[in-house]
Amino acid sequence: MARVEPQSPVYTGDTVTLTCELQHSPTGWKFLWYKNPQLNHLTGVDENTNTVSITASIRETERPKAKLKVQPAEHVFIRERVTLTCDIDGGGVWSYEWFKDNKPLSEAGRRKEYELSNVGQSDGGVYSCKGTQSTQPRYSETSNAVTLTVSETPKPKLISGLKGAALSGSSVVLECRLDVSAGWKFYWFKHRRIPQNEIKTDTQSYTIRSVNVSDEESPKPVVSIKPDEVVFKGEAVTLRCDIQSGGATEWKYSWFKNNQPSSTYTTTQEYRISSVTESDSGKYTCRGERNSDFQSSETSDAVTLTVSERPKAKVKVQPAERVFIRERVTLTCDINGGGVWSYEWLKDNKPLSEAERRKEYELSNVGQSDGGVYSCKGTQSTQPRYSETSNAVTLTVSETPKPKLSSSLKGAALSGNSVVLECRLDVSAGWKFYWSKHRQIPQNEIKTDTQSYTIRSVSLSDEESPKPVVSIKPNKVVFKGEAVTLRCDIQSGGATEWKYSWFKNNQPSSTYTTTQEYRISSVTESDSGKYTCRGERNSDSQSSETSDAVTLTVSGESLGLFSLILCNNRVSCNKSRNPVLFRLSHNFINTCCKYFTFSGTSPPASLIISPSRTQHFNKQTLSLSCEGQSDSTGWRLMRYTASGKVSDCSSDWRSVTGSTCNISSLSTSHTGVYWCQSESGGRSSPVNITVHNGDVILESPVHPVTDGDPLTLRCLYRSTKPSDLTAHFYRDGSLLGTQTAGEMTISTVSKSAEGLYHCKHAEKGESAKSWISVTGLPDSEDPLSVFSLLSSLLAVSPYVLSSIILGVKCYRARGADLKKDTGTSDGYLINRPSLCRLVIILDETKNCCIVCKLQDFEGGGPQSWVVALVQVKGVVVVVMNDVFLVVVVNVLIVIIHCGQTQERPKAKVKVQPAERVFIRERVTLTCDIDGGGVWSYEWLKDNKPLSEAERRKEYELSDVGQSDGGVYSCKGTQSTQPRYSETSDAVTLTVSETPKPKLISGLKGAALSGSSVVLECRLDVSAGWKFYWFKHRQIPQNEIKTDTQSYTIRSVNVSDEESPKPVVSIKPDEVVFKGEAVTLRCDIQSGGATEWKYSWFKNNQPSSTYTTTQEYRISSVTESDGGKYTCRGERTSDSQSSKTSDAVTLTVSGAAQAVLSASLQSWLTEGDSVTLSCEVRHSSTGWTFSWYRDNEEILSDSRRGAGGFYTLSPAALNHSGVYECRAKRGEPAFNTHNSNTQPLWITGTSPPASLIISPSRTQQFSKQTLSLSCEGQSDSTGWRVRRYTVSGKVSDCSSDWRSVTGSTCNISSLSTSHTGVYWCQSESGGRSSPVNITVHTLRVAYLNIETLPVTDGDVILESPVHPVTDGDPLTLRCLYRSTKPSDLTAHFYRDGSLLGTQTAGQMSISTVSKSAEGLYHCKHAEDGESVKSWISVRFSGPRSSHGTAGLVLGLSLTLLLILVLSLFWCCKKKK
């Protein structure tokens, strides 16, 4: 086994020991050594030992070699800084040896770098180095030698491209020639080399684009504006261009507005605008051109001229500028714009002292002496300090004018006509007009805004407006093609000539005519309608009333006399007063023409249904059977469904067992009429069965209910019953009732209970409708006598003849085609209905016939099919044309019976207003006769003809007396059938003395205004009276009408004692904040000494906190307490109420917040004046204020701040700090939250200490170091560095930011949290001037989802830490976070406006003034822009505050001396 020492890699020249070990004793062995796989034998090795030492050549590794680097170059110049670096590739920790001229260089130590900070010629030589370490390889190879050559520093030569001096603004190229090797960077500076002000270039040339320094400095003008930079329209303004350092040179001036040459050309130093307008506003600059050599000065800084409208006062007069004696006049002075104004009033150009500088001046009882010319203006303490005087307003006071009333009519107006009244008043507009009748009573007046008042329909006049009557000939019911004449009779129109207007269905007639008769030569159905007429008097164009409507009915063809058969599985005869044509729906026609089914009173068999009800759910089972018949085998189940077919059970519906039919699963197709029918033609009563798809059906009796029996209805549900069983039951669509149990019982039914019934559930829906019939008890009337039968036959012989003719005709036409079902006397079924069209006409008679028009089955023309139906002794008889000859006897019975039922119309007397009346009432008796025709009326009194009624329909007694009492009746006659009516029943008219009512009041004494009182007009006579109420005197048009004896005056407005009106006040204010205590007080101003009980209301509702006291206190308001509050008093003596006060709105805001603001920006110079203003947002009443600086109350200045303002004048260094304010009011005191903070930083002219910052600039990069120290103070131990940051806290260095050494604070790694204001402060309160330090950080943002960084914060502005002295230069420089960009061009800005662009990234302002103060920043096109820093400018010398104080003291002493001498002189004179 071979072993090698060392085990680590070896390098050429190292010694290696190889040992060949044997497991057993090595004695006696010879050892042979071989190298490489080829087994080359090693010679010269002792074969008797197992150990051999060799020089490394087995595994050769290159030894690392040191490399020497020289910075900045191997050829340097005296006083340069040279750094030599020894680099050794590979790992390990090396110790370095340096050699100069092959001799060890002990002063280099064993460092990797050897620095010559101030190289001299003695430092020149040949340098080399190597390295050693404790591990392999233990040393490196020595580096190649490097020769360092040190020469004298070369001196460059500056050459200008100009031959002579250049003025500022000119361009010049400078060249820095250096006759040495390349690779130099060139630094350019002016006057004195200051590194931070140098400009670096890579070439020998430097171009100054615009020279700003020469033998004669290029002056910069300053623009000033008089009287001020903010002026008002119309003022004269002078702008002056002062070239401050221009010497005695004469200049020519150029003026610019908004960077454009001024529109008014001038070359003078002053630019005057005699009367400015708003268009003159803008930024003004100027520039001078020297007359001697035409070189220009710089352009001045811009000065902004602002022109605004001076607010102008405006006088408003209410109600008008022309008023009348004793009116109330209010003059208001309005000034637009903000501010708190004090007002001055003038009358006839003389001050109006009694107006007392108020905004409103009120004349409560104006007289002629108050007339005059009024104007006003306003003054205030801030700009604008005064307004323009308003335009003059002339107030004219005249005697009250008297209006003149005129009418649009020349004579009397008829009732119902319109009249326009005009109240002429030859004065100015703006009047409201009050109209009264007979006498002026305010509560009955009518108010209008115009001079005219229209009475739409006159109700009283000397001549009553007549009413026309329309008559129609030959009849109101006519047939198509007939000639019809309508006549308009104005019965009481006298001999006056009229012009007539005709209307159909309330629209003017399409055929224009103005004649009394309106004739239609051949009527059509479209002429049907309601006709009215109206007359217009030719003499004065006044109109009569419109007549009552008369209906003209035009039928399609003449069918004789027929009446309506109502068809809902039943038949009845109806009587109608007027003939009417019915156009029935398709469904109704089909129903009537398809089948008539009639229930018998004693059918030979009964249809039994299980379940026993007429309505069923689909998919359920149904069993139908015929029972009670003598021969059950001959009976079968029949039905008629919507398919139009009659079928039996065995044919197609379901299984049959005997006379029982079973339907296993019902569907809607099973809906229909079912009955039992025998082989001999016997029938049961039919049953209508309905199958419903819905969730609700109605359970009702299957067979008709007997008159007098109970009827039970029930709502059934398809699945489970609903939790709420409440159901609504209906008959013929009208609600019968609502039952919570879902079941309704009618205890006793009558014929009137027949109808279509259904039920409805709120959630499940509603059932279908089922017809329920009611049958009467057996008829006990005697049979018809032979005499009555014969007499009836004679009376109706025309009908018999017509029926026979029609029947035979129909029989012949249809006998072979119509199929008849054999029936009984109880009923027949009309078959084959599909081609049926039903026409029904009503007339005055009671005959009972239908005409169905049927299309012939072979396609021929329409044929008439007469069906006569009537109920005789409770049995319905049906006769059809195809069986007319078979049952002619029944036809005769039907026609005879219908003929018997024809009745003569009977007159009826109506009395208005009642049959018992009183003397002097107006009574109208009307004779009404049902049915058509034009009647002439006969009146009887006490059974004697009443000639004065003049055969009129209405008989009027305009002023009834006791002699008019009696028994009245009437009857009618006409020229057509029937020629006379029956005489009316007698009506007794009773005339009594007029009763006298008794007026009773609900109050025992006088009522206060606003209170309620109930009056009762007692009249111990019959009911039906209307009551008229009036005040003081009865005037009809002012009366109030009621239908009851009582009249309530809701709010009395007149009494012996006027009802007082309270006034609500709120303390501390109407706008308060959550948590404040609020007191509302109800003052009844004119209530006298009366004691009151108070009621409080919020938003017109009684207050939730009950109280009857005068004051209503809320100890801690919330937002819910906000609202409109009113109060009312109730007098304890008689419980009468005052009026309700006007509403006062209490507004509760969430929190009281004080707001602090300053009149100037936060950075001030010692000696400046600044005012802090503290106000409470949304409130301005009753507050006192406290002031705080750095969280400590300012006790010495608290009195000055009590009014909401705190002034520092002059501001001193120790006034620097962070200010806050707070307000309070009320008892107990309610405090607002502390206000926002307002820092004030005052820069001192001679502070006791200075804050030194390193690096010395106000902007710093993040992650860099910063050192702050206090210097210059007499006692440095008592000073510490403090700061105020965006966190809102003041802290010192030792508290939390970084390490402290004495009065020096070190921050090792800056961040944006270090941005803030820093200063030095002693234990005694002394301060340095503050410094605003901004830390600019690297910000990385990501756009959308892409990883594209947007960086900012690579640029800062280097500017002075402390204020610049007026007249000194100011240098600004753009600094960059990492390497400088290749293009150093930077843009410099002040207050957002570009100052200039510098290619070297540095800008100098040769001489600063106070106007140079502002926020500065710089911007680089690629690296971004810096943040903004404030630069202050202070005056070179201290301000003369002592001189000012001395002047004030001198003036004060002088005034005091004058005052003493005056008093002395007065005293001496009295003696």
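Up top you'll find the structure we're talking about.
Residues numbered from 1 in each chain as written. Predicted model: local features only at pLDDT ≥ 70, side-chain atom pairs only at ≥ 80, totals over all residues. Heavy atoms only, no water.

1. Focus: the overall build of the chain
Argument step 1. Helix and strand counts for the chain stand at seven helices and 122 strands.
Argument step 2. Here the chain, with 1471 residues, has 39% of them falling under the buried criterion.
Argument step 3. Contacts in the chain between residues at least 24 apart in sequence constitute 62% of all its contacts with a sequence separation of at least 6.
Argument step 4. Carbon and sulfur atoms make up 49% of the accessible area of the chain, which totals about 83000 Å². (Helix = DSSP H or I, 4+ residues; strand = E, 2+ residues; numbered from the N terminus. Buried < 20%, exposed > 50% of the residue type's maximum accessible area, 1.4 Å probe, protein only. Contact = heavy atoms within 4.5 Å. Areas by Shrake-Rupley, 256 points an atom, 1.4 Å probe, with all protein chains shown as cover.)

2. Some thoughts on the packing of aromatic side chains
Argument step 1. In total, this model carries 18 aromatic pairs according to the counting rule given.
Argument step 2. Ring geometry for Trp1096 against Tyr1112: centres 5.6 Å apart, planes inclined by 35°, an arrangement best described as tilted. Separated by 16 residues along the polypeptide, Trp1096 in strand β88 (residues 1092-1098) and Tyr1112 in strand β90 (residues 1111-1114) bring together distant segments of the chain. Take Trp1096 and Tyr1112: they sit in the same class, and that class is buried.
Argument step 3. A centroid spacing of 6.3 Å and a plane angle of 50° characterise the contact between Tyr1112 and Tyr1125, whose relative ring orientation is tilted. One end of the pair, Tyr1112, is in strand β90; the other, Tyr1125, is in strand β91 (residues 1123-1131), and 13 residues separate them in sequence. (Phe/Tyr/Trp six-rings, centres within 6.5 Å; stacked < 30°, edge-to-face > 60°.)

3. Structural notes on the sheet that holds strand β45 (residues 517-520)
Argument step 1. As summarised here, the arrangement of the three strands in space is β40-β42-β45, forming an open sheet in which the pairing is antiparallel. In this open sheet, the two edge strands, each paired with only one partner strand, are β40 (468-473) and β45. Direction aside, the axes of adjacent strands within the sheet are offset by 15° on average.
Argument step 2. Two strands pair when backbone bridges link them, and β40 and strand β42 (residues 484-490) are joined in this way by six bridges, in the antiparallel orientation. In the sheet register, Lys473 faces β42, and the bridge partner there is Thr485. (Pairing = 2+ DSSP bridges. Axes fitted to C-alpha atoms, helices over the stretch in contact; angles between N-to-C directions.)

4. Here's the deal with the state of the cysteines
Argument step 1. Summed over the entire model, instances satisfying the criterion amount to eleven disulfides.
Argument step 2. Through a disulfide, Cys86 is tied to Cys129; the S-S separation comes to 2.1 Å. Across the disulfide from Cys86 to Cys129, rotation about the S-S bond amounts to roughly 90°, and the bridge is consequently right-handed. Residue Cys86 is found in strand β8 (residues 82-88), and its partner Cys129 is found in strand β12 (residues 125-132); the two are separated by 43 residues along the sequence. The pair formed by Cys86 and Cys129 is uniform in burial state, with each residue classed as buried.
Argument step 3. Across the disulfide from Cys1374 sits Cys1418; the S-S distance is 2.0 Å. Negative torsions about the S-S bond denote left-handed disulfides, and the value of about 115° found for Cys1374 with Cys1418 makes this one right-handed. Separated by 44 residues along the polypeptide, Cys1374 in strand β115 (residues 1370-1376) and Cys1418 in strand β119 (residues 1414-1420) bring together distant segments of the chain. Just as Cys1374 is buried, Cys1418 falls in that class too. (Disulfide = S-S within 2.5 Å.)

5. Let's talk about the sheet that holds strand β19 (residues 221-226)
Argument step 1. Strand order in the open sheet made by the three strands is β19-β21-β24, with antiparallel pairing throughout. With partners counted over all chains shown, the strands left at the sheet margins are β19 and β24 (270-273), one partner each. Between one strand and the next, the sheet's axes are offset by a mean angle of 15°, whatever the strand orientation.
Argument step 2. With six bridges joining them, β19 and strand β21 (residues 237-243) adopt antiparallel strand pairing. Looking across to β21, one finds that Ser224 is bridged to Arg240.

6. Examining the pairing of β24
Argument step 1. Only one face of β24 is covered, namely the one carrying Tyr271 and Ile273; the face carrying Glu270 and Arg272 has none of its residues buried.
Argument step 2. With four bridges connecting them, β21 and β24 associate as antiparallel partners. Bridging across to β24, Arg240 finds its partner in Glu270.

7. A closer look at the pairing of strand β13 (residues 146-151)
Argument step 1. Along β13, the buried face is formed by Val146, Leu148 and Val150; none of Thr147, Thr149 and Ser151, which line the opposite face, is buried.
Argument step 2. One ladder, built from three bridges, connects strand β7 (residues 75-77) with β13; its direction is parallel. What sits directly across from His75, in β13, is Thr149.
Argument step 3. With three bridges connecting them, β12 and β13 associate as antiparallel partners. Its bridge partner lying in β13, Val126 is registered against Thr147.

8. Quick word on the pattern of salt bridges
Argument step 1. Following the criterion strictly, the structure yields 42 salt bridges and no others.
Argument step 2. Where Arg1327 meets Asp1190, a salt bridge forms, and the shortest distance between an N and an O atom there is 3.1 Å. A residue pair is termed long-range when its members are at least 10 positions apart, and Arg1327 in the loop between β109 (1316-1322) and β110 (1331-1336) and Asp1190 in the loop between β96 (1184-1189) and β97 (1192-1193) qualify at 137 residues.
Argument step 3. In the salt-bridge network here, residues are joined through shared partners; they are Lys69, Asp87 and Lys112. (Salt bridge = Lys/Arg side-chain N within 4 Å of Asp/Glu carboxyl O.)

9. Focus on the environment of Ala236
Argument step 1. Position of Ala236 relative to the elements: it lies in the loop between β20 (230-232) and β21.
Argument step 2. For Ala236, a relative accessible area of 30% puts it in the partly exposed group.
Argument step 3. A sequence separation of 38 residues divides Ala236 from Ser274, and the C-alpha atoms of the two residues are 4.4 Å apart.
Argument step 4. Residues in contact with Ala236, not counting those within four places in the same chain, are Lys226, Pro227, Arg272, Ile273 and Ser274.

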